[in-house]
Amino acid sequence: MKKNIILYKTIPVDQFERLQQHFNVTAFDNITPENADTFRQALAGADGIIGASYPITANDLTLAPNLKAASTISVGIDQFDIDAMNARKIALMHTPNVLTETTADTIFTLVLCSARRIIEMAEMVKNGQWTKSIGESDYGSNVNGKTIGILGMGRIGYAVAKRAHAGFGMSVLYYNNHQHLDAENLLNARRCDLDTLLAESDFVCVVLPLLPSTEKLIGKNELAKMKSSAFLINGSRGKIIDETALIDALENQVIRGAGLDVFEVEPLPADSKLLKLPNVVALPHIGSATHETRYAMVKCAVDNLIAALNGDLSQNCVNPEVIK
Ligand code: DGY
């Protein structure tokens, strides 16, 4: 007999059909305040769930007595209460690898756009304000040859480091729990403590997962340790930076600028002070958002759920110990 699953995100038709071949699918485009109750009711009969961008709380899990596996269409797993999942022996799968290079492209785009003031300059041209040749007040800062400090030398951090080293001749510093031998041997990266990285980097790139230990890791004190000419780049999760402290640092020239793909609250509220600051490049969480990569993520998540509900947690399960 087919197992029951809930899909809570719109996915390409061919991948939806694959789910239907294997499971009875209850599908939601996404979860909104209007359909949240219906979603919670559906949890009562679900063996598996697959989706993204919606927090699955410990309370939701209590409504799902049969749930065995959750497959998130993301690499980040911060939408899930892992302790509650472990206690209930529910497996959680995610989609690493397929989005690494695309997300690194986005992060490096933020480096370039921030330093070279690309968005500001492009808007000036589009607004018809390019009326004379540009002067010093429009100049940006070099990227080539500078120092990039990467917080989190995982897959994406390493992909950013490759771009910096091979493409832009940058020196690479990194802050990470573990030594990364390839980064050191192949990219000449140097592992250091957080204070050293903050003090020596021209670009501080946050590529860490959001965990209790990384929440608000970058606050007023850390920003004060950065060079006044440096840029802060965040391509992981907004809550790793204290946004109020960041706004204050940007307004008071404690740092030169910021390139942000992620925010404490998403979508970023229209009245956020960040939107008023010319030295901020703000993107709508597009790290992995290309047709090719988003398709690959969906396919990976579908593969993961089919495998997991057939008892195979060998791929992309973040808590395989739940079945031991
Ligand atoms: C991820 O995969 O975690 C991206 O940030 C999209 O949410």
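Residues numbered from 1 in each chain as written. Predicted model: local features only at pLDDT ≥ 70, side-chain atom pairs only at ≥ 80, totals over all residues. Heavy atoms only, no water.

**Notes on the site of the ligand**
Around the ligand, the neighbouring residues are Ser74, Val75, Gly76, Leu99, Arg237, His285 and Met297. In the model, an oxygen atom of the ligand is placed 2.8 Å from a nitrogen or oxygen of the His285 side chain. In the complex, 82% of the free accessible area of the ligand, which totals 230 Å², lies under the protein chains. Its residues assigned to classes, the shell around the ligand shows three nonpolar, three polar and one charged. (Near = heavy atom within 4 Å. Polar contact = N/O pair within 3.5 Å; in protein donor to acceptor, adjacent residues only side chain to side chain. Areas by Shrake-Rupley, 256 points an atom, 1.4 Å probe, with all protein chains shown as cover. Nonpolar A, V, L, I, M, F, W, Y, C, P; charged D, E, K, R; others polar.)

**Details of the environment of Gly51**
With respect to the helices, strands and loops of the structure, Gly51 is situated in strand E3 (residues 48–51). Since its relative accessible area comes to 0%, Gly51 is described here as buried. Taking C-alpha positions, Gly51 is 8.6 Å from Ser74, a pair spaced 23 residues apart along the chain. Each residue touching Gly51, except ones within four places of it in the same chain, is listed here: Tyr8, Lys9, Ser71, Thr72 and Ile73. (Helix = DSSP H or I, 4+ residues; strand = E, 2+ residues; numbered from the N terminus. Buried < 20%, exposed > 50% of the residue type's maximum accessible area, 1.4 Å probe, protein only. Contact = heavy atoms within 4.5 Å.)

**Section: the side chain of Asp242**
Take Asp242: it is sitting in the loop between strand E10 (231–234) and helix H11 (243–251). Buried and unpaired, Asp242 has Lys216 as its nearest opposite-charge partner, separated by 5.1 Å. At 3.2 Å, the side chain of Asp242 and the backbone nitrogen of Thr244 are in polar contact. Look past the residues within four positions of Asp242 in its chain and what remains in contact with it is Lys216, Ile218, Gly219 and Glu264. (Lys, Arg positive; Asp, Glu negative; His and termini not counted. Salt bridge = Lys/Arg side-chain N within 4 Å of Asp/Glu carboxyl O.)

**With respect to the sheet that holds E3**
In space, the five strands of this open sheet follow the order E2-E1-E3-E4-E5, with parallel pairing throughout. Whereas interior strands pair on both sides, the edge strands pair on one side only; in this sheet they are strand E2 (23–27) and strand E5 (91–93). Neighbour-to-neighbour, the strand axes of the sheet open up by a mean angle of 20°, direction not taken into account. Here E3 runs beside strand E4 (residues 69–72); their pairing, made up of four bridges, is parallel. Considered in E4, the bridge of Ile50 is made with Ser71. (Pairing = 2+ DSSP bridges. Axes fitted to C-alpha atoms, helices over the stretch in contact; angles between N-to-C directions.)

**Points about the nonpolar core**
Ranked by internal contacts, the top residues of the largest apolar core, which has 53 residues, are Leu19, Ile50 and Ile148. Ranked by residue count, the leading element in this core is helix H12 (residues 291–309), at eight residues. With near-sequence residues (within four places) excluded, Ile50 lies in contact with Ile5, Ile6, Leu7, Tyr8, Leu19, Ser71, Ile73, Ala301, Val302 and Leu305. Leu173, Leu217, Ala230 and Leu246 belong to the second largest nonpolar core, which has 30 residues in total. (Core = buried A, V, L, I, M, F, W, Y, C linked by side-chain atoms within 4.5 Å.)

From the geometry alone we can't say anything about function, so treat these as descriptive.
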